[in-house]
Structures are given as C-alpha cells and as structure tokens.
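So the chains spell out like this:
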Amino acid sequence: MQPKVSIIMGSTSDLPVMKKAADFLNDLKIPFEINALSAHRTPAQVETFAKGAEDRGIKVIIAAAGMAAHLPGVIASMVKIPVIGVPINASLDGMDALLSIAQMPPGIPVATVGINGAQNAGILAAQMIATGDAETSQKLANFKESLKDKIVKANEDLKEVKYEFKTN
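Model, not experiment: these values are computed from the prediction.

Draft legend 1. Just a nonpolar patch on the surface, in detail. Residues L92, M95 and L99 make up a contiguous nonpolar surface patch of about 310 Å² in total accessible area. Residue placement: L99 occurs in helix α4 (residues 95-102).

Draft legend 2. Region of interest: the sheet that holds strand β2 (residues 32-36). Across the sheet, five strands lie side by side as β2-β1-β3-β4-β5; this open sheet has parallel pairing. The strands lining the two open edges of the sheet, one partner per strand, are β2 and β5 (111-112).

Draft legend 3. Looking closely at the environment of A53. Structurally, the position occupied by A53 is in helix α2 (residues 43-53). For A53, a relative accessible area of 0% translates into the label buried. Once the C-alpha coordinates of A53 and V74 are considered, the two residues, 21 residues apart in sequence, prove to be 14 Å apart. Contact partners of A53, with chain neighbours within four places excluded, come to I58, I61 and I81.

Draft legend 4. Region of the structure containing α2. For α2, the complete set of buried residues consists of V46, F49, A50, G52 and A53. Where the residues of α2 are buried, they touch β1 (5-9), β2, β3 (60-66) and α3 (71-76).

Draft legend 5. Fine view of the packing of helix α5 (residues 118-130) against helix α6 (residues 134-158). Where α5 meets α6, the axes come as close as 8 Å, and the angle between the chain directions of the two elements is 140°. As far as their axial angle goes, α6 and α5 are oblique. For α5 against α6, the interelement crossing comes out left-handed. Along the contact surface, α5 presents Q119, I123, A126, Q127, I129 and A130, while α6 presents T136, S137, L140, F143 and K144.

Criteria and cut-off values
Residues numbered from 1 in each chain as written. Predicted model: local features only at pLDDT ≥ 70, side-chain atom pairs only at ≥ 80, totals over all residues. Heavy atoms only, no water. Patch = residues over 30% accessible without salt bridge, like charges linked within 9 Å, V, L, I, M, F, W, Y side chains within 5 Å. Areas by Shrake-Rupley, 256 points an atom, 1.4 Å probe, with all protein chains shown as cover. Salt bridge = Lys/Arg side-chain N within 4 Å of Asp/Glu carboxyl O. Helix = DSSP H or I, 4+ residues; strand = E, 2+ residues; numbered from the N terminus. Pairing = 2+ DSSP bridges. Buried < 20%, exposed > 50% of the residue type's maximum accessible area, 1.4 Å probe, protein only. Contact = heavy atoms within 4.5 Å. Axes fitted to C-alpha atoms, helices over the stretch in contact; angles between N-to-C directions. Parallel < 35°, antiparallel > 145°, perpendicular 65-115°, else oblique. Left-handed = near helix turned anticlockwise from the far one by under 90°.

Okay, structure coming up:
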C-alpha cells in the first residue's frame, strides 16, 4: 500500500492533535504516512522528504507546527503538490503558528486550517484526493450527509430538554 497523504509534524508532542487527521483518512481508507520532521532541528531530512514526496506517490502533505511554525512553508517551497498547514496551539493560543503558516509569500501557498484543526486538514486532503477518485468522492458525500444527520438528531434530542419557559 502506497501512501497518498503524508502527515508531518514538528514533534511527536503534536500527535494528540494530528491524530484527528489520521483517524479521518483511516476511516475513508486513504493510505497515509506519519512522520516527525523539524524545519529547525532536522532541515536536511525535511529537504530530503519534501524533494522525494511526489516521486513516492504523495498527493497531499499535511504539515503541523507550533510557535514559529516554519515546517509547512519550508515544505511548500520545495514541492508542487498541495500542502495543508495545521497551526498547533503551543504558545500564544496558537496565534503565532496560525499567522506564520497563513502569511506565506506570493508563490508559496499553504492551505491553512484553524488552530489545532487537524480533522479539517484530513477532510481537505481527502477532498483534494477526491478530485480524481470517484470512490473517495462518494465517501466524502456520505460523510457530509452524516453531518446533516447529526444536527437533525440533535434537534430531536433538544425537544426532550424541558424548561418552564421553553417554547419548542
């Protein structure tokens, strides 16, 4: 099985957040890999990874980082495939990472999700894969339908909540 998505994080301390991306990809049966690479501590390994990703069949890279959060941008500077940045709340409520990832120079785009938004990164990666994969597209359609079903059920459950002045 060859990975289509690569999940990269600055350190394994990011794994509790990034697990949500992995869980989503796993649920949709999209092959992925997970690695820890640091733009600051292992720059040579980041370069080797990035320059070889496309040749290994990677279609999308999800890169998570906190604080200075250079990892997604450094990777994006070396690849032609999409990079999704996940800002990690490691300091300053994650705002430092969010701004570092979102404010990329022209020509080096990084699609950026919300702070600790790993599940949305997994969904976005799947949507990118789905542009050329009908099976993944159908799985995403089913997932989106299940979101609607959850809200419908939530409203049914809320009907059972009783308050003296509640009107519905």
